[in-house]
Amino acid sequence: MVKYNIIPKPNSYISGDSEYSVSSDTPVICFEEFIEAGKLISDYLKTKPDGSDGSIHIKHVGNLAREAYALKITNDGVYIYASDKAGAYYGAVTFKTILMQSKKENGKAILNTLVIEDAPDNAYRGLMLDCCRHYFDVDTVKSMLENMAFLKLNKFHWHLSEDQGFRIESKLFPELNEIGSERHSRRLTNKTLGFESDGEIYKHYYTQDEVKDIVEFAAKRNIEVIPEIDLPGHTMAMLASIPSLSCDGEKREVTDVAGISDAILCAGNEETFVFLDKLLGEVCALFPSPVFHIGGDEAFKGYKIWENCEKCQARKNELGLKDEKALQVWFMNRVCEILKKYGKTPVAWDDCMSDDLDGSIAGQLWRQNAVSVIKHQSLKRDIVLSPTMYFYFDWKYSITPLKKVYKFNKYKMGFTKPEQRARGLECELWTEWIDGKDALEFSAFPRVNAFAEVAWTKLTNRKYKDFYKRLGWYKTYMKLKGINYSRIEGGFGLSRAFIYHLGGEGSEFKKSMELKNQE
Ligand SMILES: [Zn+2]
């Protein structure tokens, strides 16, 4: 009897004591709507069915929850049951994983019979990629999406606007790309790390055609792409492009400094909202997702600028707002009104959460010290959990080891009541010190494997030792696929500077890293 290694661990898995074999002669018979699920299997088997070798059925049933599936490998065929496209796709992912691990004989895959019943614990299982601090080309983004789909993650949060670069094409405001997508150092500068400007012209953004291509690629894999335009802070690239959006109207440059700047959009100037209405309208049209991330984090650094701006102060007084934080909440609500017009529901980081914030704006927890705020807000609005200490995968493995990621427990954090609206979990890949595919994969994997199981599998069904055993097969798979997963899982960590240099071709750092990263 063979037990296959599946991450995330299914709810229920019962092995049979018999065998069934499939080959490229096995037809995949598929409910029309589940075509992507069928293709996943037939592409792997390179199916040229002649009907002689039994069959694989993907069937529609009404009695399964969203994203749930059942997979049966019996003596007379393979059956995947689901009530929606996502469930069918995940059934196919599980079956493909089994096929990859199966014994092969005379062009046939010999499968152990089994029954798997499975459904996710969290509806929202996300991964955020910051493409502003460093840009990742379309192929790298697609490769990350493929890896996500293989682990049944379903939300790709795409961070597209930052102090250090504006990375999505705007046809209405071409200056956002001509000026805002370019900075004068590839590497971000940081005094503590001793990083100075390297003087390289670093200019990148995704064209609207590339965005559409990525969105479509993701959708085929049951991944929804949620764009983020960070407001009103983290906007240096926007202000550099259109100086009149700032409080003082002065000319600025896209920054190459790592860290938080005080750049902030003027809240008192109506032009800001005319601009946002047009820009957000343009961006919204590119993404079918009903959700849109509006940032809202770390704007406090710009509050001093608002304090010294006549227009912002006039706005604050006119509205009877008590301070700049309240002015930011008003700002976020105004952006929310714009997005509603375009049929979108916003999500924002926990920094701007307050009872006065529009109830339709979902909150995303990131700061450890905001847990009580977010617990309170979870009774009023949808919440996504991405606490820094567990799910920030740009952090060193010594601070966030694999085991720690796996031990995350939303109940221990206080999300225990059924009336709390904790929609799910998200892991974060900030890229100040991640440049290129190698460094990205090193930071992500195998922590994303652990994250995927935490997001999908019920707490009562999770055991680290058991996960770690199954991870063995995934490591072999990643090695074969050329995914540069980290062989370091905790204990000691490599500095961020060290990880950064993973991206530099032929560097001494990279060479020594390769030695360390060998099994
Ligand atoms: Zn102002």
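Residues numbered from 1 in each chain as written. Predicted model: local features only at pLDDT ≥ 70, side-chain atom pairs only at ≥ 80, totals over all residues. Heavy atoms only, no water.

Description of the pairing of strand 8 (residues 124–130)
Remember that side chains alternate between the two faces of the sheet whenever the strand is regular. By the criterion of burial, strand 8 is predominantly enclosed, with seven of the seven residues buried. Residues Tyr-124, Gly-126, Met-128 and Asp-130 point to one face of strand 8 and Arg-125, Leu-127 and Leu-129 to the other, with burial holding for every one of them. In this structure, strand 8 lies alongside strand 9 (residues 155–162), joined through five bridges in parallel fashion. Residue pairing for strand 9: Met-128 is matched across the bridge by His-157. In this fold, strand 8 hands off to helix 3 (residues 138–150), which returns the chain to strand 9; that crossover is right-handed. (Buried < 20%, exposed > 50% of the residue type's maximum accessible area, 1.4 Å probe, protein only. Helix = DSSP H or I, 4+ residues; strand = E, 2+ residues; numbered from the N terminus. Pairing = 2+ DSSP bridges. Right-handed = clockwise from strand over helix to strand, strands pointing away.)

Structural notes on the confidence of the model for the protein chain
Averaged over the protein chain, the pLDDT score is 93; the fraction of residues at 70 or greater is 93%. Every residue in residues 503–509 is under pLDDT 50, and counting partners more than four places away or in other chains gives seven contacts. (pLDDT = per-residue confidence, 0-100. Contact = heavy atoms within 4.5 Å.)

Remarks on helix 5 (residues 208–220)
The first and last C-alpha atoms of helix 5 sit 19 Å apart over 13 residues, in line with the 18 Å expected at 1.5 Å per residue. Every buried residue of helix 5 is listed here: Gln-208, Val-211, Ile-214, Val-215, Phe-217 and Ala-218. Looking at the buried side of helix 5, the elements it contacts are helix 3, strand 9, strand 13 (224–231) and helix 7 (270–284). One or two residues past the end of helix 5 sits Asn-222, with phi positive at roughly 60 degrees. (Expected span 1.5 Å × (residues − 1).)

Re the pairing of strand 4 (residues 69–74)
With six bridges connecting them, strand 4 and strand 5 (residues 77–82) associate as antiparallel partners. Bridge pairing in strand 5 links Ala-70 to Tyr-81. Between strand 4 and strand 5, which pair antiparallel in sequence order, lie two residues. Note that strand 4 and strand 7 (residues 108–118) share five bridges and pair antiparallel. Along strand 7, the bridge assignment pairs Ala-70 with Glu-117.

Side note on the packing of aromatic side chains
The full count for this structure, using the stated rule, is 31 aromatic pairs. Centroid distance Phe-393 to Phe-451: 6.5 Å. Interplanar angle 80 degrees. Geometry classified as edge-to-face. You can see Phe-393 sitting in the loop between helix 12 (388–391) and helix 13 (402–406) and its partner Phe-451 sitting in helix 15 (residues 447–456), a full 58 residues away along the chain. For Phe-393, a relative accessible area of 0% corresponds to the buried category. Pairing Trp-473 with Tyr-474 gives two aromatic rings, centres 4.9 Å apart and planes at 85 degrees, and the pair type is edge-to-face. As far as burial versus exposure is concerned, Trp-473 and Tyr-474 are alike and both buried. One aromatic cluster in this structure is built from Tyr-135, Phe-156, Trp-158, Tyr-206 and Phe-287. (Phe/Tyr/Trp six-rings, centres within 6.5 Å; stacked < 30°, edge-to-face > 60°.)

Thoughts on the coordination of the zinc ion
Taken together, the protein ligands of the zinc ion are Cys-247 (SG), Cys-266 (SG), Cys-309 (SG) and Cys-312 (SG), with distances of 2.2 to 2.3 Å. Of note is the zinc ion, whose four donor atoms meet at the metal with angles of 106 to 114 degrees in an arrangement that counts as tetrahedral. Spacing between the donor residues of the zinc ion along their common chain follows C-x18-C-x42-C-x2-C. Highlighted residues: Cys-247 in the loop between helix 6 (236–241) and helix 7 and Cys-312 in helix 9 (residues 310–319), separated in sequence by 65 residues. (Donors = N, O, S within 2.8 Å, 3.2 Å for Na, K, Ca; no water. Tetrahedral: all angles 85-135°; square planar, octahedral: opposite > 155°, others 65-115°.)

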